[in-house]
Amino acid sequence: MSTPSGFARATLRGNGLTFRPATLDDVPWAVAFTTARDPSEPGNEAQMRHWWQSADPERVDERWIIEEGGESIGYGYFGHPLWARSPMRAARLLAWFPRDARRPDRLGRAFDALESHAVSDDALVFTANSLEGFDDEYETLVARGYREDRRSKSWELDLIANRASLEAMTATARERMKAEGIEITTVDSVPDPNKWRKLHEMIEASVQDIPTTVPHTPESFESFMRWMSSPGLHADRLWVAREGQAIVGVSVLEYPPGVGNVWTDYTGTSRSVRGRGVARALKCETVAQAIALDVTHVRTNNDGENKPILHLNEEMGYHRIPGHIQLLKTVAVA
Ligand SMILES: CC(C)(COP(=O)(O)OP(=O)(O)OC[C@H]1O[C@@H](n2cnc3c(N)ncnc32)[C@H](O)[C@@H]1OP(=O)(O)O)[C@@H](O)C(=O)NCCC(=O)NCCS
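Residues numbered from 1 in each chain as written. Predicted model: local features only at pLDDT ≥ 70, side-chain atom pairs only at ≥ 80, totals over all residues.

1. What to know about the overall build of the protein chain
Quick reminder of the rule: The secondary structure listing takes helices from DSSP runs of H or I that are at least 4 residues long and strands from runs of E that are at least 2 residues long, numbered from the N terminus.
When you go through the protein chain residue by residue, the secondary structure sums to 9 helices and 14 strands. Projected onto the principal axes, the alpha-carbon positions of the protein chain cover approximately 65 × 40 × 35 Å.

2. What about the site of the ligand?
The following threshold applies: For each residue, a C-beta atom is placed from the backbone, and the residue is labelled near a molecule or strand when this atom is within 6 Å of it. Following the grouping adopted for this structure description, the nonpolar residues are Ala, Val, Leu, Ile, Met, Phe, Trp, Tyr, Cys and Pro, the charged ones are Asp, Glu, Lys and Arg, and the polar ones are all others, Gly among them.
As a matter of local geometry, the ligand sits amid 22 residues, with Arg274, Ala279, Arg280, Lys307 and Pro308 nearest to it. Counting residues per element, the ones that place at least two in the shell around the ligand are β11 (262–269), α8 (278–292) and α9 (307–316). Considering each element in turn, the shell around the ligand owes the most residues, 5 residues, to α9. Its residues assigned to classes, the shell around the ligand shows 8 nonpolar, 9 polar and 5 charged.

3. Side note on the nonpolar core
The test is simple: Buried Ala, Val, Leu, Ile, Met, Phe, Trp, Tyr and Cys residues whose C-beta atoms connect them within 7 Å together make up a nonpolar core. With C-beta atoms placed from the backbone, a residue is labelled by how many other C-beta atoms lie within 10 Å of its own: buried for 20 or more, exposed for 12 or fewer, partly exposed between the two. The contact criterion used here is simple: two residues whose C-beta atoms, placed from the backbone, lie within 7 Å are in contact.
Formed by 34 residues in total, the largest nonpolar core has its most connected members in Ile66, Leu93, Ala95, Ala110 and Leu114. Sorting the residues of this core by element identifies β2 (17–21), α1 (27–37), β3 (59–68), β4 (71–81), β5 (90–96), α3 (103–120), β6 (125–131) and β14 (324–330) as the ones contributing at least two each. Ile66 has contacts with Leu17, Phe19, Ile73, Gly74, Tyr75, Gly76, Ala95 and Ala110, leaving out every residue within four places of it along the chain. Residues Val190, Leu253, Tyr255 and Val278 belong to the second largest nonpolar core, which totals 33 residues.

4. Let's talk about the environment of Pro21
On the secondary structure map, Pro21 appears in strand β2. Residue classification places Pro21 among the partly exposed positions, given that 17 C-beta atoms sit within 10 Å. When the C-alpha positions of Pro21 and Thr264 are compared, they lie 31 Å apart, and in sequence the two are 243 residues distant. What Pro21 contacts, discounting residues up to four positions off in sequence, is Phe7, Ala8, Thr11 and Trp64.

5. Re the domain arrangement of the protein chain
Cut-off, in case you're wondering: How far each domain reaches was decided by an automatic or database domain assignment.
Domain boundaries in the protein chain define domain 1 (12–145) and domain 2 (154–323). A straight line from the C-alpha centre of domain 1 to that of domain 2 covers 29 Å. At the junction of the two partners, domain 1 supplies 19 residues and domain 2 supplies 17 residues. No other element matches helix α2 (residues 45–53), which puts 3 residues into the side of domain 1 that touches domain 2.

6. Points about unusual backbone geometry
For Asn15, which is not glycine, the phi dihedral falls at a positive 55°. Here Asn15 lies in the loop between β1 (12–14) and β2. A count of 13 C-beta atoms within 10 Å places Asn15 in the partly exposed class. Backbone geometry at Asp294 places phi at a positive 65°, although glycine is not the residue there. Assignment of secondary structure puts Asp294 in the loop between α8 and β12 (297–303).

7. Structural notes on the packing of helix α5 (residues 163–180) against α8
Packed helix pairs are characterised by how far apart their axes lie and by the angle those axes make with each other. Which entries qualify depends on this criterion: Here the axes come from fitting lines to C-alpha atoms, over the contacting stretch only for helices, and the angles between their N-to-C directions go from 0 to 180 degrees. Orientation categories follow fixed angle ranges, with anything under 35 degrees roughly parallel, anything over 145 roughly antiparallel, 65 to 115 roughly perpendicular, and all other angles oblique. Crossing handedness is read from the near helix: turned anticlockwise from the far helix by less than a right angle, it gives a left-handed crossing, and turned clockwise, a right-handed one.
Look at α5 against α8: their axes get within 9 Å of each other, and the N-to-C directions meet at 135°. Between α5 and α8, the interaxial angle falls into the category oblique. Where α5 crosses over α8, the two elements pack in a sense that is left-handed. Counted together, Arg163, Leu166, Glu167, Met169, Thr170, Ala173, Arg176 and Met177 of α5 and Arg280, Ala281, Cys284, Glu285, Val287, Ala288 and Ile291 of α8 form the full contact between these two elements. For the contact of α5 with α8, the class distribution of residues is 9 nonpolar, 1 polar and 5 charged.

8. Quick notes on the pairing of β11
Formally: One bridge is not enough; two strands pair if DSSP finds at least two bridges between them. Assignment of crossover handedness uses the view with strands pointing away from the viewer, where a clockwise path from the first strand over the helix to the second indicates a right-handed crossover.
Here strand β10 (residues 246–254) runs beside β11; their pairing, made up of 6 bridges, is antiparallel. Residue pairing for β11: Val252 is matched across the bridge by Tyr266. Bridge analysis of β11 against β12 gives 2 bridges, and the strand direction is parallel. Within β12, the position partnered with Trp263 by the bridge is Arg299. Between the parallel pair β11 and β12, the chain is carried across by α8, and the sense of this crossover is right-handed.

9. Thoughts on the pairing of strand β9 (residues 238–243)
Sheet topology note: the strand β8 (residues 183–186)/β9 ladder contains 4 bridges and is antiparallel. Note that in β9 the partner of Ile184 across the bridge is Ala241. Here β9 pairs with β10 via 6 bridges, running antiparallel. Each bridged residue has a counterpart across the sheet, and for Leu238 the counterpart in β10 is Val252. As consecutive antiparallel partners, β9 and β10 are separated by 2 residues, and within that stretch Gly244 has a phi angle of approximately 65°, a positive value.

10. Focus: the packing of α1 against α2
Relative to each other, α1 and α2 sit at 120°, their axes nearing to 10 Å. Overall, the two elements α1 and α2 adopt an arrangement that is oblique. Once α1 is placed against α2, the crossing between them reads as right-handed. Counted together, Val27, Pro28, Ala30 and Val31 of α1 and Glu45, Met48, Arg49 and Trp52 of α2 form the full contact between these two elements. Among the residues making up the contact of α1 with α2, the classes are represented as 6 nonpolar, no polar and 2 charged.

11. Some remarks on the environment of Leu166
In this structure, Leu166 sits in helix α5. It is 50 Å that separates the C-alpha atoms of Leu166 and Glu68, two residues lying 98 residues apart in sequence. Once you skip the residues sitting within four places of it in the chain, Leu166 turns out to touch Cys284, Val287, Ala288 and Met316.

Below, the structure is given as structure tokens:
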């Protein structure tokens, strides 16, 4: 039943809820809903539209508007890489509802439907996410047999308060990269016609070193380019490190057009250059550019076990904000 799709394949029904397949017409509602659920993280229409319509033929991504009594009350998602490509049959289940007293009950009823759907799709592991501070969600999931698997650390960097120290760190990092013989530049100014292929390969290799429970499924070049063409990314703000003709590092901030927080989308370096200050130099350039663009704060999120990047965040002056919690449930096979 693993047919790839950017939208839901079917309507789900159960426990008084109807999961109606979402369409692009639902994007404005979903943005307003997402923003109301967590006002500190406003949704962005252009970005949401981009991802909803970027159907990846190597993934299943299903999105629904959850209705009760004819009223839209929540957002549902089910997704995973095609099983043929995936090292683990792990699927992500999500049901978002407003933060009110009805949320635990609604979440439980929605997960009944989502879990049945996941079983019929041959998933063997369910993953669900919650946010630190959303204790009712967390407790509902634990009561359903989910256990906390990983806790990420999210951070915010105040670019006004930390401006002087960041500028000093950037100056030192530039000197170090000169001494190391590593060029730090934006990808638009790299003349190499193979730069996108090289960047894709470098990122795919480094992603394998992110601490994780569910192994990373390799992403195709086409899927990588869909990411590169998303509305928040700009080639003249995507910083790369080069050693000779090789691309050995990347760091990029995603700038939501109009509304939303600026987040680090990815930082990674090749194993061959680790520990030489390349990630620090790249991250410094991304924030120096954000300061020049009058951005006041940037955010980042990393796995709680990812010691090198957490160390760099601390050094740069990031402070903690609520992080994401990944919970996991293994399906009992009869
Ligand atoms: C995280 C990553 C980008 C760091 O790249 P790097 O080029 O080695 O980074 P740098 O050399 O600039 O800095 C690494 C820092 O971490 C420190 N570090 C390394 N291992 C550490 C550990 N186990 N505990 C604490 N600090 C550690 C290094 O000493 C260095 O700090 P210093 O400059 O103060 O000495 C790289 O390991 C990577 O690509 N990992 C896989 C992808 C990833 O996890 N990306 C980030 C999350 S999306």
